[in-house]
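Single-letter residue listing:
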Amino acid sequence: MLTHYQTLEVPEDADAETIKKAWREIAFIWHPDRGEARPHISEEEAEDNFKGARAAWEVLGDPHERAAYDRELREERSPRRSVRDQGFGPPAWFRQQVA
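Residues numbered from 1 in each chain as written. Predicted model: local features only at pLDDT ≥ 70, side-chain atom pairs only at ≥ 80, totals over all residues. Heavy atoms only, no water.

K.L.:
Mind showing me how you'd approach the confidence of the model for the protein chain here?
P.N.:
Regions with low pLDDT carry predicted coordinates that are not meant to be interpreted in detail. Of all residues in the protein chain, 80% have pLDDT values of 70 or greater, and the mean over the chain is 84. Mean pLDDT across the elements of the protein chain bottoms out in helix 5 (residues 92-98) (58) and peaks in helix 1 (residues 4-8) (95). (pLDDT = per-residue confidence, 0-100. Helix = DSSP H or I, 4+ residues; strand = E, 2+ residues; numbered from the N terminus.)

What follows is the structure, given as structure tokens:
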């Protein structure tokens, strides 16, 4: 699965202006109203690509959402994730009651 950064084809350290520019370019390419410009791509594929790009923009275009997304990415990539973080062990509600 692609990250939002990969979807918009920008590096993870891209600034807000670079992300905005990438969103506009990709939205222009995949927008459903531009079907005649992509005769070799199905309408469904174009719509899926546009929706994915729009979802990426909604997250990366908002500084708070982007910060939360970046934290999630770091946690997923962290080699020090505990057994609990990987889905093993007691559920979160139990851990909260015990702690």
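Now that the structure has been shown, we can carry on.
K.L.:
Help me understand the nonpolar core in this model?
P.N.:
Soluble globular proteins tend to pack their nonpolar side chains together in the buried interior. Counting 19 residues, the largest nonpolar core has L8, V10 and L60 as its most contacted members. Of all the secondary-structure elements, those providing two or more residues to this core are helix 1, helix 2 (16-30), helix 3 (43-60) and helix 4 (63-77). Residue contacts for L8: discarding those within four places in its chain leaves I19, A22, W23, I26, A53, A56, W57 and L60. (Core = buried A, V, L, I, M, F, W, Y, C linked by side-chain atoms within 4.5 Å. Buried < 20%, exposed > 50% of the residue type's maximum accessible area, 1.4 Å probe, protein only. Contact = heavy atoms within 4.5 Å.)

K.L.:
I keep staring at the pattern of salt bridges and nothing clicks. Help me out?
P.N.:
Oppositely charged side chains can form a pair if their charged atoms are brought close together. Within the structure shown, the criterion is met by 3 salt bridges. Here E12 ties to R77 by a salt bridge, and the two come within 2.8 Å at their closest N and O atoms. One end of the pair, E12, is in the loop between helix 1 and helix 2; the other, R77, is in helix 4, and 65 residues separate them in sequence. A salt bridge links D70 to R66; the shortest N-O distance between them is 3.9 Å. Here R66 and D70 lie together in helix 4, a separation of 4 residues that amounts to about one turn. (Salt bridge = Lys/Arg side-chain N within 4 Å of Asp/Glu carboxyl O.)

K.L.:
Could you clarify how one ought to interpret the packing of aromatic side chains in this entry?
P.N.:
For any pair of aromatic rings, the description rests on two quantities: the centre-to-centre distance and the angle between the ring planes. Enumeration over the complete set of coordinates arrives at 3 aromatic pairs. Seen in terms of ring centroids, W23 and F50 are 5.9 Å apart; in terms of plane orientation they differ by 40°. Their pairing is tilted. Remark: F50 occurs in helix 3 and W23 occurs in helix 2; sequence separation between them is 27 residues. Neither residue differs from the other here; W23 and F50 are each classed as buried. By way of ring pairs, the aromatic residues W23, F50 and W57 are connected into one cluster. (Phe/Tyr/Trp six-rings, centres within 6.5 Å; stacked < 30°, edge-to-face > 60°.)

K.L.:
Help me out: how do you make sense of the side chain of R66 in this one?
P.N.:
Look at R66 and you get buried, because its relative accessible area is 15%. The residues contacting R66, other than those within four sequence positions of it, are Y5, E12, D13, A14, D15, A16, I19, V59 and L60.

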